[in-house]
Amino acid sequence: MSSDAARAGPSLRGARLRFSATFWRRPWVKALALLTLPVGAFVVVYIGSLAILFVSAFWTVDSFTGKLQHIWNIDNFRQIFSTSDPTYLRIAGRTIGIAAAVTVTDAILAFPLAYYMARLASRRSRAVLFIAVLLPLWSSYLVRIYAWRLILSSDGVLNWALNGVGLPNANIAYTNWAMWIVFSYVWLPFMVLPVYAALERIPESYLEASGDLGAGGWRTFRNVILPLALPGVVAGSIFTFSLTLGDYVTPLLVGGAGSSFIGNVVYDFVGINANVPFAAAFATVPVMVMGVYLVVARRLGAFEAL
Amino acid sequence: MSRAKKRYLAWAALGLLTGALAVAAAGFGGSGKSSNGTSATGPSSIGKGEGALNLIEWAAYSDPSFAKKFVSQTGCKIHRKDANTSSEMVALMRTGGGGGGGQWDLVSASGDASLRLIYGHDVKPVNVKLIPSWKEFIPIFKSPAHNTVSGVHYGVSVQWGPNTLLYNTKKVKPAPTSWGAIYSTKYKGKVTVPDNTIQIADAALYLMKTKPSLGIRDPYELTKSQLDAAVKLLKRQKGLIKKYWGSAADEINLFKSGDVVIGASWPYQTLQLQAAHAPVKELIPREGATGWADTWMLASKAPHPNCAYMWMKYVTTPPVEAKQALVFGETPVNPKACPYMNRIQKGSCTKYHLNEPLGYYKTIHFWKTPVADCGNGKKNCMDYNAWQRAWTQVTS
Amino acid sequence: METRATRVGLRVWTLLVVLFLWAPLILVAVYAFNKSNIQSWPISGWTTHWFSVAWHDPDVRSALWLSVKVGLLATAVALVLGSMAAFAIHRFRFFGRESVSFLLLLPIALPGIITGMALNSFYVFAQVKFSIWTIVIGHATFCVVVVYNNVLARLRRSSPSLIEASMDLGADGWQTFRFVVWPVLSTALIAGGLLAFALSFDEIIVTTFTAGAQTTLPIFILDNLRMGQQFPIVNVVAFVVILLTVIPVTIAQRLTADTGLLRRDTRRTVVAETPGSGAV
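Residues numbered from 1 in each chain as written. Chains lettered and ligands numbered in written order. Predicted model: local features only at pLDDT ≥ 70, side-chain atom pairs only at ≥ 80, totals over all residues. Heavy atoms only, no water.

**Let's talk about the overall build of chain C**
Right, on to step 1. Within chain C, the regular secondary structure consists of 12 helices and 0 strands.
Right, on to step 2. When the elements of chain C are put in sequence order from the N terminus, they spell out α-α-α-α-α-α-α-α-α-α-α-α.
Right, on to step 3. Seen through its C-alpha atoms, chain C measures out along the principal axes to roughly 70 × 65 × 40 Å.
Right, on to step 4. When each of the 280 residues of chain C is scored for burial, the buried share is 54%.
Right, on to step 5. Sequence-distant contacts in chain C: of pairs separated by 6 or more residues, those separated by 24 or more amount to 72%.
Right, on to step 6. For chain C, the accessible surface area stands at approximately 12300 Å², while carbon and sulfur atoms represent 68% of it.
Right, on to step 7. On chain C, the mean spot of the 20 positive side-chain charges and the mean spot of the 13 negative ones are 6 Å from each other. (Helix = DSSP H or I, 4+ residues; strand = E, 2+ residues; numbered from the N terminus. Buried < 20%, exposed > 50% of the residue type's maximum accessible area, 1.4 Å probe, protein only. Contact = heavy atoms within 4.5 Å. Areas by Shrake-Rupley, 256 points an atom, 1.4 Å probe, with all protein chains shown as cover. Lys, Arg positive; Asp, Glu negative; His and termini not counted. Charge placed at Lys NZ, Arg CZ, Asp CG, Glu CD.)

What follows is the structure, given as structure tokens:
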């Protein structure tokens, strides 16, 4: 049957049909055409720059002139993993520790909320809750950290409230506690969404069957709901863990004397000391940690739950 | 070909491509240094302004109170980036391939940054004949070793000042007289010092006077054992520190909110706090102090060199020197600024030690970059890389 | 299923967590109207004076304009690259398919500081001058995956037989795209684009490494926070940034709320097809 476009001219239409047919018959041409640009751009720019960065980890920098010296050595790595001066191991340990604490905290905070949203809330309240969780996520990250600085400072809201009920000042500004609170706050929505998605997918029939088979509420939760929700939790934990691992802004703004993260050292060595090789060497630590984490997460099925 | 084999082939190809890129990087890569210097003396005259000026500066070094007139006179709109440490200034100058990356025109480098910039070819020679006020400078700031190399000027001195001891007069009694106050446990948890690698020199200065057996003669030339001693002192100090201040305003907030009652500081913070009616005072303790002597240096790849020269010319004239000095709490290098200073604030010329004899300047240990060459024939002093690692060890 | 007590408990918990999420944002909004320079609580005076000060501040204006420009450019790049990749992945099975997904996910999976550092070194190595374009490239790396995910999710939920049916009925590739594929995808693309814009508008970590003398709005905020200057203006800017990221995201959320084949707009498309084009 002729269509509107047919009026454009039989030869033009014929050409277009032949063109489309080529793609239809050889789908790999289409795939190649579609993929070349994005993948090509990514490989050259992104992967290329990562490669260059990690190659430079094996070089050094002349401290006086700042010139990169292409002398292959592993001095940077020796410094980082040295046991006689465990500064950098200590920093890495602190970063990983707080990242883990934040992940656990967020999992605990998010799970009941996600459960309520997925299984108990009415359709309208679910939509409202969805927005209520999503909007803070997209509000400026910096602004949210700044807000906590306002709350936690000596003359801020927290101390005002504590003093109001007769408690003394909580001196948690510029401490690791402040960082833990701020990180948990900032990444919480990242945990809620995958857990919600996982819980939502659990068919009601599973829970009914479990009840029919004689399991009480807690048993059902432990043996049916939790294992099915686990991939969602792990998926969410990828974000909370990775984002905390690589962050440097929060320690800068709300951290104190002993709060340096891996990100701060990297930032210092790139932006302040202009010693990119050392920064690159240290940056391999979070990459390796995340690599391991992602492999484990994949095993636990997190990638399907993302 | 089986699926698995195809997959291996794809990964192998990707790996080869990445490896090739890496090898190419090894061959070409690096910090693509800037041009190897232009003429040895710079341009012969200042041309037309380019309409913009990008500055890397210490806070308030282009304060609108004296910069506004410059902008309206020359049309060079100022875009400023405030840096907190010399290292940050050097790093900014080295981005984008060095020489300011074609982004920055001028940097107000202190003595611990200036030589690094010169030897890294990040700054180019300046023709001081184009800056009339230069002739009037105090002699030691005309061609100091930190900005003049082999008779070639790489910038023009602008101001200098000491690192002071700042304290809260209500909470710190009696008034301190020694740097020991920030190393003793008396004010534990209420001390602050700058988060700056060069702070090691302050610790070295204290040890120079209190532990002469270590043999420190210059707080910037430290052997390994001397550096270790300084680090030990700083690590002990860490337990007393509430927060290492990153910027001037950080420290101002710490004092204002009462989180901190004593610390190492710049006169700028003292002036700001006193203007806000905070009960603070500063002093130079009996051991002496470190300090900084700043130079406006011209980036090798400066996109607006004419505006840059106009700025250097403007900011070294007596009235502007006086204004800047009183905004920051530092001292001009142009002695003709003295009457202007007294006009704005009576007695300030003497207060800021503008017209002191030569001997006074020798009591301030101006910032300079630590290098391996100890200056006394030995070459076993710790260089800046070692200082950086030591400082990270202390603060993290 | 759940006991009454559990249900009540969950409701309370939900309320508390939502409050926890929103309280700091509301606080920042409140502080934007703070009269004094000092950021202590409780607030002593109220004013909207700082809004006009911020608006007339040339630094704020240029930072805002730069952020908008970068956001639009990065979104455009992300839309093109992301949808191309999503099409290819959805339609064709080939070895390395999972790797492409993984590749696009990397900029978000890896810590931002590594992306920033890597791009920084790359620009120095390639002797590229830092400019708005270096920032845009940096943002595009993680904006692509947002668009990609949205488009892919939408493609997965729509029936593949639509395209085959269209071809069977005689439409060529372009017509199929215009009359079948585009209406299905349009809201996903818009949603993805809005999310990408919000992501780019707020980005700080990668931007600090890829910007030269350029100041985006987050860099303006961070610099002033670190320098401790101009707190009242920062409060106002923070408040405005919240609004400017919240609005696109709400719209994006609305657009992708209902999914699947029997959505309003696909039905609209099918209805529109019948009278004029005679496709049947």
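**Here's the deal with unusual backbone geometry**
Residues and elements named next belong to chain B.
Right, on to step 1. For the peptide bond that leads from K173 to P174, omega is -5°, which places it in the cis range.
Right, on to step 2. By the secondary structure assignment, P174 is in the loop between strand 8 (164–168) and strand 9 (191–192).
Right, on to step 3. The phi dihedral of H121 falls on the positive side, at around 60°, and the residue is not glycine.
Right, on to step 4. Residue position: H121 is located in the loop between helix 4 (111–119) and strand 4 (123–124).
Right, on to step 5. Even without glycine at this site, H277 takes up a positive phi of about 60°.
Right, on to step 6. By the secondary structure assignment, H277 is in the loop between helix 8 (267–275) and strand 11 (280–283).
Right, on to step 7. You can call H277 exposed: its relative accessible area is 72%.

**Notes on a nonpolar patch on the surface**
Residue and element names in this part refer to chain C.
Right, on to step 1. Where nonpolar side chains cluster on the molecular surface, the patch consists of V8, V12, L15, L16 and L19 and spans about 480 Å² of accessible area.
Right, on to step 2. The topology assignment puts V8 in helix 1 (residues 4–31).
Right, on to step 3. Classification of V8 as partly exposed rests on a relative accessible area of 42%. (Patch = residues over 30% accessible without salt bridge, like charges linked within 9 Å, V, L, I, M, F, W, Y side chains within 5 Å. Salt bridge = Lys/Arg side-chain N within 4 Å of Asp/Glu carboxyl O.)

**A short note on the packing of helix 4 (residues 97–109) of chain C against helix 6 (residues 132–157) of chain C**
Helix-helix packing: each pair is described by the crossing angle between the helix axes and the interaxial distance.
Residues and elements named next belong to chain C.
Right, on to step 1. Contact geometry for helix 4 and helix 6: axes closest at 7 Å, N-to-C directions at 125°. Our classification of the angle between helix 4 and helix 6 gives oblique. Remark: the crossing between helix 4 and helix 6 carries left-handed chirality. On helix 6, the residues that touch S101, L104, L105, P107 and I108 of helix 4 are T141, F142, V144, V145 and Y148. (Axes fitted to C-alpha atoms, helices over the stretch in contact; angles between N-to-C directions. Parallel < 35°, antiparallel > 145°, perpendicular 65-115°, else oblique. Left-handed = near helix turned anticlockwise from the far one by under 90°.)

**Overview of the pattern of salt bridges**
Right, on to step 1. As enumerated under the stated definition, the model contains 10 salt bridges over all chains in all.
Right, on to step 2. R78(A) is the salt-bridge partner of D75(A), the closest N and O atoms lying 3.2 Å from each other. Of the two residues, D75(A) and R78(A) are both situated in helix 3 (residues 75–80); the distance of 3 residues between them amounts to about one turn of the helix.
Right, on to step 3. Measuring nitrogen to oxygen at the nearest pair gives 3.4 Å for the salt bridge that ties K379(B) to D373(B).

**Thoughts on empty space enclosed by the protein**
Right, on to step 1. According to the stated counting rule, one finds 9 cavities of 30 Å³ or more in the structure shown.
Right, on to step 2. Together, 35 residues line the largest cavity, and L252(A), S260(A), N264(A), D268(A) and D195(B) are the ones closest to its centre.
Right, on to step 3. Sorting the residues of the lining of the largest cavity by element identifies helix 11 (249–254) and helix 12 (262–272) of chain A, helix 3 (86–94) and helix 14 (384–395) of chain B together with helix 10 (217–227) of chain C as the ones contributing at least two each.
Right, on to step 4. Within the lining of the largest cavity, the residues separate by chemical class into 11 nonpolar, 17 polar and 7 charged.
Right, on to step 5. Computed from the structure, the second largest cavity encloses a volume of approximately 150 Å³. (1 Å grid on protein atoms, 1.4 Å probe; cavity = no way out; pocket = protein on both sides within 12 Å on 5 of 7 lines; lining within 4 Å. Points joined across faces, edges and corners; volume = space filled by probe spheres on them. Nonpolar A, V, L, I, M, F, W, Y, C, P; charged D, E, K, R; others polar.)

**As for the nonpolar core**
Right, on to step 1. L199(A), V249(A), V266(A), F282(A) and I221(C) are the most contacted members of the largest nonpolar core, which totals 167 residues.
Right, on to step 2. When residues of this core are sorted by domain, at least three fall in each of domain 1 (2–55) and domain 2 (87–304) of chain A.
Right, on to step 3. Contacts of V266(A), omitting those with residues within four sequence positions, involve A279(A), F282(A), A283(A), I113(C) and M117(C).
Right, on to step 4. Counting residues in hydrophobic clusters, the runner-up holds 126 residues, among them W104(B), L130(B), L166(B) and I241(B). (Core = buried A, V, L, I, M, F, W, Y, C linked by side-chain atoms within 4.5 Å. Domains from an automatic or database assignment.)

**Let's talk about the interface of chain A and chain C**
Right, on to step 1. Taken together, the contact pairs 85 residues of chain A with 87 residues of chain C.
Right, on to step 2. Here chain A packs against chain C, burying approximately 8200 Å² in sum over the two surfaces, 78% of which is carbon and sulfur.
Right, on to step 3. The tally of links between chain A and chain C comes to 0 salt bridges.
Right, on to step 4. Across the chain A-chain C interface, the total number found is 8 residue pairs in polar contact (both at pLDDT 80 or more).
Right, on to step 5. With 20 residues, the single largest contributor to the side of chain A that touches chain C is helix 2 (residues 27–56) of chain A.
Right, on to step 6. Residues belonging to the side of chain A that touches chain C are distributed by class as follows: 66 nonpolar, 10 polar and 9 charged. (Buried area = accessible area lost by both parts, 1.4 Å probe. Polar contact = N/O pair within 3.5 Å; in protein donor to acceptor, adjacent residues only side chain to side chain.)

**Remarks on the domain arrangement of chain B**
Residue and element names in this part refer to chain B.
Right, on to step 1. Looking at chain B, the domain boundaries give domain 1 (3–161 + 293–354) and domain 2 (162–290 + 387–395).
Right, on to step 2. Listed by partner, the interface residues are 12 residues for domain 1 and 12 residues for domain 2.
Right, on to step 3. The largest share of the area that domain 1 buries against domain 2 comes from N84, G161 and F328, three residues that together contribute 40% of it.
Right, on to step 4. Among the elements that take part in the side of domain 1 that touches domain 2, helix 10 (residues 318–328) stands out by supplying 3 residues, more than any other.

**Some words on the sheet that holds strand 8 of chain B**
Residues and elements named next belong to chain B.
Right, on to step 1. The mixed open sheet is built from 4 strands, whose spatial order is 9-10-8-11. Because the sheet does not close on itself, it has two edges, and the strands there are strand 9 and strand 11.
Right, on to step 2. In this structure, strand 8 lies alongside strand 10 (residues 262–265), joined through 4 bridges in antiparallel fashion. Bridge pairing links T164 to S265 in strand 10.
Right, on to step 3. Where helix 8 meets the sheet, it contacts strand 8, strand 10 and strand 11, and its direction lies at approximately 155° from that of strand 11. (Pairing = 2+ DSSP bridges.)

**Some points on the state of the cysteines**
Residues and elements named next belong to chain B.
Right, on to step 1. Tallied over the full model, the rule gives 3 disulfides over all chains.
Right, on to step 2. Linked covalently through their sulfurs, C76 and C307 form a disulfide whose S-S length is 2.0 Å. Taking the sign of the torsion about the S-S bond as the criterion, the disulfide between C76 and C307, at about -85°, is left-handed. Remark: C307 occurs in helix 9 (residues 305–315) and C76 occurs in the loop between helix 2 (64–74) and strand 2 (77–82); sequence separation between them is 231 residues.
Right, on to step 3. Here C338 engages in a disulfide with C349; their sulfurs sit 1.9 Å apart. Handedness here is read from the sign of the S-S torsion; for C338 and C349, about -115°, the answer is left-handed. Of this pair, C338 sits in helix 11 (residues 338–344) while C349 sits in helix 12 (residues 348–351), and the two are 11 residues apart along the sequence. Here C338 and C349 have matching classes, each one buried.
Right, on to step 4. Here the bonded cysteines of chain B are numbered in sequence order, and their pairing is 1-2, 3-4, 5-6. (Disulfide = S-S within 2.5 Å.)

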